[in-house]
Amino acid sequence: MSIDIGIFKKINDAVLDLQSASHQSYERPLKTLVRLLQDPVLADVNHEITKDADLAKFLEESEHTQGGMVGSARLLWPDDPKQTLGLTYLLMCKFGDDPEYMLQFGFLYYYSGRQLSATLQNVIRQVIFPFVRDYKEFVMANGTTQNQLHIPMSNKVFVVHGHDEGARESVARFLEKMDFQAIILHEQANQGRTVIEKVEAHGDVGFAVVLLTPDDEGCAKGKPPEPRARQNVLLELGYFIGRLGRNRVCALKRGELEIPSDFAGMVWVQMDSSSGWKFALANELKAAGYILDLNRVI
């Protein structure tokens, strides 16, 4: 089976995400990394490097080197580079199945005082980084690789908004900083079209950000009024969910407001005064397939 070398870009991104994680947030990028390493296109390579690897025996023999001090154990890596690759691959799979074991492994072989994150980073630097580097070299040298044609996604992002100009401008400037083109409806020429016609005309976007801000009030009959988003915002939210799919729509919610029950399955990102919403939006864009430099979020 031919291997698209683009998978190594995804693997590298997962390693970078793991490197920037703490002991409280490492599980998600770890599982992503392991899932990529277990991709079916790599099955033949993984079988080749693991066919003679005995992880249980390797760990048992290595644990016997433990002395009287915490973290004094050492790993008894074999001299054969391919066997080392196979053992590390199986170890990575074990980490993915049981992320807590990665911390236990770190305490045993890469202990760094009481700082959990420091111990975790030692494992990443001394085990995972070298493995990914050597694994890629092995695949390139022994596998059949090819560059596959990927149709680029539109860098246009439609920004649906209400009356909160501050929220709109914050999102638009953030998107532009990340090299996207923010499409804001009122900035586009009318050309005699209705609002929905303008939305359709500029619907050739790859992603949509919908700002849910408490601009209006409404309620069920006989109930007290509650803050809610403008009706045009909800209409355009539904439009882009139908056009792009839920995975290409991110709803940013500012303040407290009523959410229609029809959209109860949507995931909302709270647009707070800090930069947390920026990281959340960047992660949604990455999940949709865009390549981002998360260092530019700050």
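Residues numbered from 1 in each chain as written. Predicted model: local features only at pLDDT ≥ 70, side-chain atom pairs only at ≥ 80, totals over all residues. Heavy atoms only, no water.

Engineer: Lay out the confidence of the model for the protein with the relevant residues and their values.
Structural biologist: Of the residues in the protein, 86% have a pLDDT of 70 or more, and the chain-wide mean is 83. Of all helices and strands in the protein, the one with the weakest mean pLDDT is strand β2 (residues 145-146) (52), whereas helix α5 (residues 81-97) scores best (95). (pLDDT = per-residue confidence, 0-100. Helix = DSSP H or I, 4+ residues; strand = E, 2+ residues; numbered from the N terminus.)

Engineer: Let's hear about helix α4 (residues 55-63): which residues, and what values?
Structural biologist: Listing the buried residues of α4 in full gives Leu-55, Phe-58, Leu-59 and Ser-62. Down the axis of α4, the buried side of the element spans an arc of 95°, and every buried residue falls inside it. Elements that come into contact with the buried residues of α4 comprise α5 and α6 (99-109). (Buried < 20%, exposed > 50% of the residue type's maximum accessible area, 1.4 Å probe, protein only. Arc of directions from axis to C-beta. Contact = heavy atoms within 4.5 Å.)

Engineer: Quick rundown of the packing of aromatic side chains? Include the residues and the values.
Structural biologist: The full count for this structure, using the stated rule, is twelve aromatic pairs. With a centroid separation of 6.3 Å and an interplanar angle of 50°, the aromatic rings of Tyr-101 and Phe-105 are classed as tilted. Taken as a pair, Tyr-101 and Phe-105 lie in helix α6 at a separation of four residues, close to a single helical turn. For the residue pair Tyr-101 and Phe-105, the accessibility class agrees, reading buried in each case. Taken together, a centroid distance of 5.2 Å and an interplanar angle of 35° make the contact between Phe-131 and Tyr-135 tilted. With a gap of four residues between them, Phe-131 and Tyr-135 both fall in helix α7 (residues 116-142), about one helical turn apart. Accessibility classification places Phe-131 together with Tyr-135 in one group, the buried group. One aromatic cluster is present, formed by Phe-95, Tyr-101, Phe-105, Tyr-109 and Tyr-110 through successive ring pairs. Over the aromatic face of Tyr-101 sits the side chain of Lys-94, whose NZ or CZ is 4.7 Å from the ring centroid. (Phe/Tyr/Trp six-rings, centres within 6.5 Å; stacked < 30°, edge-to-face > 60°. Lys NZ or Arg CZ within 6 Å of the ring centre and 35° of its normal.)

Engineer: I'd like a description of the pairing of strand β8 (residues 249-253), backed by residues and values.
Structural biologist: Along β8, five of the five residues are buried, which leaves the element largely enclosed by surrounding structure. Residue alternation in β8 divides its side chains into two sets, Val-249, Ala-251 and Lys-253 and Cys-250 and Leu-252, and both sets are buried.

Engineer: Outline the packing of helix α2 (residues 27-37) against α6, listing residues and values.
Structural biologist: In contact at an axis separation of 10 Å, α2 and α6 are set at 100° when each is read in the N-to-C sense. Relative to α6, α2 is oriented roughly perpendicular. Contacts from Glu-27, Leu-30 and Lys-31 of α2 reach α6 at Pro-99, Glu-100 and Met-102. Here the contact of α2 with α6 is built from residues that sort into three nonpolar, no polar and three charged. (Axes fitted to C-alpha atoms, helices over the stretch in contact; angles between N-to-C directions. Parallel < 35°, antiparallel > 145°, perpendicular 65-115°, else oblique. Nonpolar A, V, L, I, M, F, W, Y, C, P; charged D, E, K, R; others polar.)

Engineer: How would you sum up the nonpolar core? Please name residues and give values.
Structural biologist: Counting residues in hydrophobic clusters, the biggest one holds 44 residues, and the most contacted among them are Ile-11, Leu-33, Phe-95, Met-102, Phe-105, Ile-128 and Tyr-135. Mapped onto this core, the elements with two or more residues apiece are α1 (7-19), α2, α3 (43-50), α4, α5, α6 and α7. It is α7 that contributes the most residues to this core, ten residues altogether. Filtering out sequence-adjacent residues up to four positions away, Met-102 remains in contact with Tyr-26, Leu-30, Phe-95, Leu-120, Val-123, Ile-124 and Ile-128. In terms of nonpolar packing, the next biggest core, distinct from the first, is built from 25 residues, Val-157, Phe-180, Ala-182 and Ile-184 among them. (Core = buried A, V, L, I, M, F, W, Y, C linked by side-chain atoms within 4.5 Å.)

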